[in-house]
Each structure stands twice: as structure tokens, then as C-alpha cells.
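Architecture and fold: a report
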Amino acid sequence: MNLRQPIFRMDVWEQYQKAKISEQLAELKLQLQKQELILNVVQAYFNTLRQQHLLQVYQQEEKVLLHQYHMMQAKFQQGFVAKMDVTEADAQYQSVIAKRVASEVQVALAEERLAELIGRSDTSLANLSADFNFQAPVPDNVNDWTQLAQTHNLDLKQFIALQALAEQQIKVEQADAYPQLAAVAGTTWSKQNPENIMSNRGRTDNIGLELNWSPYVGTRQQLVKKARLERDAAKVDVDAQRKTIHTAVKQAYLQVMSGASQLSAYRTAMQSAQLVAD
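Here we summarise the structure given alongside this text. Predicted model, so just to flag it, every value in this text is computed and none were measured.

**Quick word on the environment of leucine 181**
Inspection of the secondary structure assignment puts leucine 181 in strand β2 (residues 180-190). According to the relative accessible area criterion, leucine 181 is partly exposed, its value standing at 26%. Excluding residues within four positions of it along the chain, leucine 181 makes contact with Pro6, Ile7, Phe8, Leu209, Glu210 and Leu211.

**Details of the packing of helix α1 (residues 10-77) against helix α4 (residues 154-175)**
In the contact formed by α1 and α4, the axes pass within 9 Å of each other and the chain directions differ by 165 degrees. As far as their axial angle goes, α4 and α1 are roughly antiparallel. Two packed elements cross with a definite hand, and for α1 against α4 that hand is left-handed.

**Concerning the pattern of salt bridges**
Scanning the entire structure with this criterion turns up seven salt bridges. For the salt bridge of arginine 9 with aspartate 11, the shortest nitrogen-to-oxygen distance reads 2.9 Å. By relative accessible area, aspartate 11 is classed as buried at 13%. Taken together, the salt bridges that share partners define one network made up of Glu62, Arg100 and Glu104.

**Some words on the layout of surface pockets**
Empty space within the largest pocket amounts to approximately 2,100 Å³. The wall of the largest pocket is formed by 49 residues, among which Val42, Phe46, Gln255, Val256 and Gly259 lie closest to the centre. Counting only elements with at least two residues in the lining of the largest pocket, the list comes to α1, α3 (142-152) and α5 (220-277). For the lining of the largest pocket, the leading source of residues is α5, giving 18 residues.

**Concerning helix α2 (residues 83-118)**
Relative to the 52 Å expected for 36 residues at 1.5 Å per residue, α2 spans 53 Å between its end C-alpha atoms, a close match to the ideal helical length. Turning to α2, its buried residues number three or more, namely Val86, Ala89, Tyr93, Val96, Ile97, Arg100, Ser103, Val107, Ala110, Leu114 and Ala115. Among the structural elements, α1 are those in contact with the buried residues of α2. Backbone geometry just after α2 places glycine 119 at a positive phi near 75 degrees.

**What to know about the environment of alanine 183**
Mapped onto the fold, alanine 183 is located in strand β2. C-alpha separation for the pair alanine 183 and phenylalanine 159, spaced 24 residues apart in sequence, amounts to 41 Å. Residues within four places of alanine 183 in sequence aside, it is in contact with Leu3, Arg4, Gln5, Ile7, Gly208 and Leu209.

**As for α1**
Given a rise of 1.5 Å per residue, 68 residues ought to cover 100 Å, and the 98 Å separating the end C-alpha atoms of α1 matches this to within 8%. Count one or two residues on from α1 and you reach glycine 79, which has phi positive near 85 degrees.

**Structural notes on the environment of valine 42**
Checked against the element boundaries, valine 42 lands in helix α1. With 72 residues separating them along the chain, valine 42 and leucine 114 place their C-alpha atoms 9.0 Å apart.

**Describing the nonpolar core**
Counting seven residues, the largest nonpolar core consists of Ile21, Leu25, Leu28, Leu32, Leu154, Ala161 and Leu165. Residue assignment for this core shows that the elements contributing at least two residues are α1 and α4. The dominant element in this core, judged by the number of residues it contributes, is α1, at four residues. When neighbours within four sequence positions are excluded, leucine 154 is seen to be in contact with Leu28, Gln31, Leu32 and Gln35.

Quick notes on the rules
- Residues numbered from 1 in each chain as written.
- Predicted model: local features only at pLDDT ≥ 70, side-chain atom pairs only at ≥ 80, totals over all residues.
- Heavy atoms only, no water.
- Helix = DSSP H or I, 4+ residues; strand = E, 2+ residues; numbered from the N terminus.
- Buried < 20%, exposed > 50% of the residue type's maximum accessible area, 1.4 Å probe, protein only.
- Contact = heavy atoms within 4.5 Å.
- Axes fitted to C-alpha atoms, helices over the stretch in contact; angles between N-to-C directions.
- Parallel < 35°, antiparallel > 145°, perpendicular 65-115°, else oblique.
- Left-handed = near helix turned anticlockwise from the far one by under 90°.
- Salt bridge = Lys/Arg side-chain N within 4 Å of Asp/Glu carboxyl O.
- 1 Å grid on protein atoms, 1.4 Å probe; cavity = no way out; pocket = protein on both sides within 12 Å on 5 of 7 lines; lining within 4 Å.
- Points joined across faces, edges and corners; volume = space filled by probe spheres on them.
- Expected span 1.5 Å × (residues − 1).
- Core = buried A, V, L, I, M, F, W, Y, C linked by side-chain atoms within 4.5 Å.

These figures come from the coordinates and say nothing about function on their own.
Here it is in C-alpha cells:
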């Protein structure tokens, strides 16, 4: 029976450190997937509301243009307008009908996408109230949001973890050059048949230290070199991701501010259309 207990294994230790980084990376990927799901649901929810409100706008325009078309027909019959004016009014009315039909399709697609994400198709959406007022982001400064993204963005954290993993891989490759020390123990039993005066019979115990060391392996330097190149590539990816996040945050901030103006314009258009229809 033989027993072996490692005492010093730098290669195993560095592999353990690499496994911990891999675990952190897996956790980051899970968090990123959860975040993407949340963002997809939110985007699908508000896109559905947007398509529904656009449909209402086209429906209001359709009523207004139909009313104008009837007015033009009446004026033409009375001789106040030319046939061209009636034709133009009819063209505008047919155009908004086409927009309304296309909008109905977009509403159905948006609702289907939301149902796919949440697993339910019978959920009624809470619409924005008529007196809804847009509130500016807090903090109301794009630089502050950029700084927050540089600290908390999960995509960036994932790239940083990949860089750390590449750094650790260098240590893993270098650890093979360290000696390996282990405690060994063993016991043996011997019995010789047929027995004589010179027979060796009994138990023998051994205990000691075992040292293994390969100071030079031809492929080791190439593996270390490869790991360093992958580390340098990971650093470049981190820098590129920082720049991408910086641009994406600015774009998102400007889109939010632009969305406020669009919301105000849509509200005014609906109010105007309602007044004309009434």
C-alpha cells in the first residue's frame, strides 16, 4: 500500500486561482444574461405602448381626413372647389388608411414579441396617463452617467475578468517550472515459499519526501509566450470596450432627451387631431 500527499504544487495552486476567476466570469455572464432579459422586456413593453399610441394617432388622422374628404365632395358639388382638390383629399385619406393598416401590423408584432419574452399573451398594459410629465435623468449630466458605466457596466466587467483570466494563464504556464514536493509513505508484506533460512518474511514500512523537477521543457516557453500574447489582446479588448461604453452612454443619454421632445410632439398632435375631429 502506498500513500502520497502533495506538499508543494505551484501548478495546482495557480490552476485553483484560475478556476476562481473562471467562476467569477461565469457569474458575470449570468448577471449579463439577466440584465439583457430585463432590458429586452422593458424595450418590448414600451415599444408596444409606442405602437399602440401611433395607431391611435393614425386613427385620429383617418377620421379628420375622412371629414375633410366629405367636405371637399360637398364643396365640389356646390361648385366651390375643383375636381383636383377632391382627388387630393381622397389621396391623403387613402394614404393614412395605409399607414393605419401598417400600424396595426406593427402593434400585433410588438404584442407578440412581448408575449414571447414574458410567456403570457393576455396581459393588459398600463398606459401612460394623459398628464404624464417627462423627468430628466438623475444625475442630469452625461459625464456622471459615463463614470457610472465605467464602474458598473457588466460588459466591461466581463472583459476585465477575461483579462484577469489571461493574466492568470501566464502564471499557470510558468508554474510548471517549479519543483513539485510530496510526502510519500508505503508498506509492503513479503512471504517466500518454500521457506528456508534465508527467506525474507515480514512487513517493511517506508516514509519520505519525493521531489520532481523539470527545469526545462521545450514547449514551456512557447506556451508562456502564447499566454502573454493573449493577455495583450485582452488588454486591447478592455480599452476598446471602455471607448464603446463611453459612446453608447452618450448616445443613450441623447436619445432619452430626444425622446422627451418626441413625446411632447406626439401629445400635441393627438390633441390637435382630437380638436379637429370634434
